Amino acid sequence: MDEKIVKIELTKVFMPFSEEVKGHMRNSSNGLGMALASEEAWLGGDFVICQLETSSGYVGTSEAFVWLPETGVSPDQLIDTIKCNLGQYVLNESPFQVAAIRERMERNITRNEVAKGLIDSACYDLQARILNVRVADLLGGAQREHIPLTALIPLMNDIDSIIGLAQMFKEQGHRSFRFKLGENLLKDEAIIKSARSALGDEVKIRVDYNQAYSIADAVKSINLIGQYNIEVVEQACKADHFIAMREIQSRISVPTIAHEGCFSLQDIYHLGDMGAIEAVGLNAERPGGLSNAVRAIHYAEQKGFGVVMHNQPLGLGSAWQLHLGSAFYSSLQYEMELFGQIMMEHDLLKQPLEYRDGGVCLPKGPGFGVEIDPCALKEYSTAPTVRIEASA
């Protein structure tokens, strides 16, 4: 293919949470709906939309969702890194040479997985649009056209509200649930005991502690709720305490995943090989783009681990996750979490994804199968689009 990337456009977006989600978060002890110890108000999502354009006018697009208490990087930092450092390895290159682009980025700039992932994922969308196929086709083909989803249940002040929300999602067709825990051990058990009683034995339940506990308290809590058949536990202790994560995993019978503590492929490899996790969590930002996500799934396959795909993105990021999840559906073992359609005020799409029967349909069009609405992008952008063009 002779197509070369001649322009990069980067747009910073702030998307407010929906009124429903704001209400649930107000009904929590820290206003976050989870046990994460952050002092910053969380009123919506910060995003960067990346568009790569070729000389023939083909455009590939990707999205990154960042939040400083978890991701440790801001939209401005992402844009600056691509503008000042990574862009030179992208312009005048073919999107079909994504592996070579990735290698040059890795060789010259360490870390920065989120920024590299933005470029990487946009290259796949661009490839697929040039070929007039879906991204899932580039990954081996879609295994499912309708993908069941796990419902995310926030940590709120009263257990009745928590269980009522879960029951609403069950009525909509969901059969898998992630409960936020970590306020205290007694409440953890009370929530999961009530959930299992209200939802029945047939549904799947997983939990997320958002780094709430020490080793001792994490083990106590997980063993307390273990009697209610928990399928996986997310980030029970501090994100950078890898040894503590290993100790917790060694003293419980439930697989754990890292989220806040897992940004690169190397993090996944180290945590898996040292026995600190027994399942892999990933999304568009972690471990950074489609190329690394595919490698992470192959690693999980070799280790016998399941994969939890989880995020709260806008429509483009949701489509990213659906194409990857559909292409590797049989390898995941866990149902996907995708909750941006509930959390965010707008998805930035011309045509929204089709959510039904407790799941979502894989979009049919080329690339990621969705189109950014330019009017919505303009409305929710917080700064002028940054354009980086190849020199003549």
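Quick look at the structure, then. The structure presented is a predicted model; accordingly, all values stated were derived computationally and were not measured.

Thoughts on the sheet that holds strand E1 (residues 5–16)
A sheet is described by the order of its strands in space; here 4 strands give the open sequence E3-E2-E1-E14, paired in antiparallel fashion. If you trace the sheet from one side to the other, it starts and ends with strand E3 (59–66) and strand E14 (386–389), each paired once. Pairwise comparison of adjacent strand axes, ignoring direction, gives a mean angle of 15° for this sheet. Bridge count for E1 against strand E2 (residues 44–54) is 11 bridges, and the pairing is antiparallel. Note that in E2 the partner of Thr 11 across the bridge is Ile 49.

Comments concerning the side chain of Arg 196
Looking at the element boundaries, Arg 196 is found in helix H8 (residues 185–199). Although Arg 196 is buried, it makes no salt bridge; Asp 201 carries the closest opposite charge, 4.6 Å away. Among the polar contacts listed, one links the side chain of Arg 196 to the backbone oxygen of Gly 200, at a separation of 2.9 Å. Among all residues touching Arg 196, those that are not within four sequence positions of it are Asp 201, Val 203, Ile 205, Tyr 228 and Asn 229.

Section: the packing of aromatic side chains
Enumeration over the complete set of coordinates arrives at 8 aromatic pairs. A centroid spacing of 5.0 Å and a plane angle of 50° characterise the contact between Tyr 269 and Tyr 299, whose relative ring orientation is tilted. Of the two residues, Tyr 269 sits in helix H11 (residues 265–273) while Tyr 299 sits in helix H12 (residues 289–303), which places them 30 residues apart along the sequence. With a relative accessible area of 27%, Tyr 269 lands in the partly exposed category. Among the aromatic residues, those joined into a ring-pair cluster are Phe 17, Trp 42 and Trp 67.

A few points about the pattern of salt bridges
Summed over all chains, the structure comprises 29 salt bridges. Across the pair Arg 178 and Glu 234 runs a salt bridge whose closest N-O atoms are separated by 3.6 Å. Linking Arg 178 in strand E5 (residues 176–180) with Glu 234 in strand E7 (residues 230–234), this pair joins segments that are 56 residues apart in sequence. The exposure class assigned to Glu 234 is buried, which follows from its relative accessible area of 2%. Look at the salt bridges and you will find they share partners, linking Arg 178, Lys 180, Arg 206, Asp 208, Glu 231, Glu 234 and Glu 337 into a network.

Things to note about the nonpolar core
Nonpolar side chains tend to gather and get buried jointly when the protein is soluble and globular. Within the largest apolar cluster, 131 residues are counted, with the highest numbers of intra-cluster contacts made by Leu 52, Phe 179, Ile 192, Leu 324 and Leu 348. At 10 residues, the largest contribution of residues to this core is made by helix H5 (residues 113–131). Aside from chain neighbours lying at most four places away, what touches Ile 192 is Phe 179, Leu 181, Ile 205, Val 207, Ile 225, Tyr 228 and Ile 230. Counting 5 residues, the second-largest nonpolar core is a separate cluster that includes Ile 257, Ala 279, Val 308 and Tyr 334.

Points about unusual backbone geometry
With an omega of 10°, the peptide bond between Arg 286 and Pro 287 qualifies as cis. Looking at the secondary structure, you find Pro 287 in the loop between strand E9 (279–282) and H12. Look at Asn 210: it is not a glycine, yet its phi comes out positive at around 50°. Mapped onto the secondary structure, Asn 210 falls in the loop between strand E6 (204–208) and helix H9 (215–225). Accessibility expressed as a relative area gives 1% for Asn 210, which makes it buried. A positive phi angle, near 55°, is found at Asp 357, a position not held by glycine. Structurally, Asp 357 is set in the loop between strand E12 (355–356) and strand E13 (359–361).

Remarks on H9
Among the residues of H9, those classed as buried are Ala 218, Val 219, Ser 221, Ile 222 and Ile 225. Looking down the long axis of H9, one finds its buried residues gathered within 165° of arc, a one-sided arrangement. Taken together, the buried residues of H9 touch H8, E6, E7 and helix H10 (242–250).

A word on the side chain of Thr 256
The topology assignment puts Thr 256 in strand E8 (residues 256–257). Overall, the relative accessible area of 8% leaves Thr 256 in the buried class. In this structure, Thr 256 is in contact with Val 232, Val 233, Gln 249, Ala 276, Ile 277, Glu 278 and Ala 279, ignoring residues within four places of it in sequence.

Overview of the state of the cysteines
Per the counting criterion, the structure on display carries 0 disulfides. Looking at the unpaired Cys 84, the closest cysteine sulfur is the one in Cys 50, lying at 15 Å.

Definitions and limits used
Residues numbered from 1 in each chain as written. Predicted model: local features only at pLDDT ≥ 70, side-chain atom pairs only at ≥ 80, totals over all residues. Heavy atoms only, no water. Pairing = 2+ DSSP bridges. Helix = DSSP H or I, 4+ residues; strand = E, 2+ residues; numbered from the N terminus. Axes fitted to C-alpha atoms, helices over the stretch in contact; angles between N-to-C directions. Buried < 20%, exposed > 50% of the residue type's maximum accessible area, 1.4 Å probe, protein only. Lys, Arg positive; Asp, Glu negative; His and termini not counted. Salt bridge = Lys/Arg side-chain N within 4 Å of Asp/Glu carboxyl O. Polar contact = N/O pair within 3.5 Å; in protein donor to acceptor, adjacent residues only side chain to side chain. Contact = heavy atoms within 4.5 Å. Phe/Tyr/Trp six-rings, centres within 6.5 Å; stacked < 30°, edge-to-face > 60°. Core = buried A, V, L, I, M, F, W, Y, C linked by side-chain atoms within 4.5 Å. Arc of directions from axis to C-beta. Disulfide = S-S within 2.5 Å.

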